Amino acid sequence: MSLSPREVFLRLVHGVAAGKSSELPNLYGEVTDVRHPMATPESEPLTSRRALREHFTVPPEARESLPKRSVVDVVVHETADPEVIVAEFAYEFTLPDDSTAKVPCVFVMRVRDGQIIESRDYIDPIRRYTARGDLDHLIASLRKGVS
């Protein structure tokens, strides 16, 4: 029996938090439609498992500098369509001074036969860059869009 949409979602976000990037693409179908509507800078849709493998690949030097994170405040809403869920949650980053920063997220996912075939991932870009200590990158990308 295949995993439910809720189970797939939980494996995804906990896998992201744990840095299990090599396992994450297998949660998606060969053909997908994954979009990040709030991404800054804007990103192209991810339409294949191969594209997701590239998306989840983090160079070793970058992986070491990422703050530790966990998944908190999870609420999964079932919909009238058994393939679709709406999931609210936050990634909670532990910063170098041991304080924490939450990055709120909402994912709207379609899961068929235990694999994500469509997802809209809404992630607060300002809090994300701030929590990762990369606010300068966000500002530079915004400046590019203005020129």
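Scroll up for the structure.
Conventions and cut-offs
- Residues numbered from 1 in each chain as written.
- Predicted model: local features only at pLDDT ≥ 70, side-chain atom pairs only at ≥ 80, totals over all residues.
- Heavy atoms only, no water.
- Helix = DSSP H or I, 4+ residues; strand = E, 2+ residues; numbered from the N terminus.
- Expected span 1.5 Å × (residues − 1).
- Buried < 20%, exposed > 50% of the residue type's maximum accessible area, 1.4 Å probe, protein only.
- Arc of directions from axis to C-beta.
- Contact = heavy atoms within 4.5 Å.
- Polar contact = N/O pair within 3.5 Å; in protein donor to acceptor, adjacent residues only side chain to side chain.
- Phe/Tyr/Trp six-rings, centres within 6.5 Å; stacked < 30°, edge-to-face > 60°.
- Lys NZ or Arg CZ within 6 Å of the ring centre and 35° of its normal.
- Pairing = 2+ DSSP bridges.
- Axes fitted to C-alpha atoms, helices over the stretch in contact; angles between N-to-C directions.

Caption draft 1: Inspection of helix 1 (residues 5-18) at higher detail. With 14 residues, helix 1 should cover 20 Å at 1.5 Å per step; its first-to-last C-alpha distance of 20 Å lies within 8% of that length. When helix 1 is considered as a whole, its buried residues turn out to be Pro5, Val8, Phe9, Leu12, Val13, Gly15, Val16 and Ala17. Gly19 sits one or two positions beyond helix 1 and adopts a positive phi of about 75 degrees.

Caption draft 2: Representation of the environment of Lys144 within the structure. Checked against the element boundaries, Lys144 lands in helix 5 (residues 135-146). Residue Lys144 is classed as exposed on the basis of its relative accessible area of 67%.

Caption draft 3: Highlighting helix 2 (residues 49-56). Those residues of helix 2 that fall on the buried side of the exposure criterion are Arg49, Leu52 and Phe56. Considered in projection along helix 2, the buried side chains sweep an arc of 55 degrees and stay on one side of the axis. Every exposed residue of helix 2 that faces more than 90 degrees away from the buried side is listed here: Arg50 and Glu54. Looking at the packing, one finds that the buried side of helix 2 touches helix 1, strand 1 (28-35), strand 2 (46-48) and strand 6 (115-123).

Caption draft 4: Broad picture of the side chain of Glu83. Mapped onto the fold, Glu83 is located in the loop between strand 3 (68-78) and strand 4 (84-94). Among the polar contacts made by the side chain of Glu83, one reaches the side chain of Arg110 at a distance of 2.8 Å. There is a polar contact of 2.7 Å between the side chain of Glu83 and the side chain of Arg112. In this view, Glu83 contacts Pro5, Met109, Arg110, Val111 and Arg112; residues no more than four positions away in its chain are not counted.

Caption draft 5: View of the packing of aromatic side chains. Taken as a whole and judged by the stated rule, the model has five aromatic pairs. With a centroid separation of 6.3 Å and an interplanar angle of 85 degrees, the aromatic rings of Phe9 and Phe107 are classed as edge-to-face. Of the two residues, Phe9 is situated in helix 1 and Phe107 in strand 5 (residues 100-112); the sequence distance between them amounts to 98 residues. Overall, Phe9 belongs to the buried group, its relative accessible area being 0%. Between Phe89 and Phe107, the aromatic rings sit 5.0 Å apart at their centres with planes inclined by 90 degrees, giving edge-to-face as the arrangement. Residue Phe89 is located in strand 4, and its partner Phe107 is located in strand 5; the two are separated by 18 residues in the primary sequence. The burial state of Phe89 is the same as that of Phe107; both residues are buried. Counting every residue linked through ring pairs, the aromatic cluster contains Phe9, Phe89, Tyr91 and Phe107. Here the basic side chain of Arg128 rests over the ring of Tyr129, its NZ or CZ set 5.0 Å away from the ring centre.

Caption draft 6: Representation of the sheet that holds strand 3. Overall, mixed pairing links the six strands, which are arranged 2-1-6-5-4-3 in an open sheet. In the strand order of this sheet, the two ends are held by strand 2 and strand 3, each with one partner. Between one strand axis and the next, the sheet turns through 20 degrees on average, direction left out of account. Pairing of strand 1 with strand 6 involves four bridges; the strand directions are parallel. What sits directly across from Val34, in strand 6, is Ser119. The strands touched by helix 1 within the sheet are strand 1, strand 3, strand 4, strand 5 and strand 6, with strand 3 carrying the most contacts at an inclination of about 165 degrees. Contacts from helix 2 reach strand 1, strand 2 and strand 6, with the element oriented near 125 degrees to strand 2.

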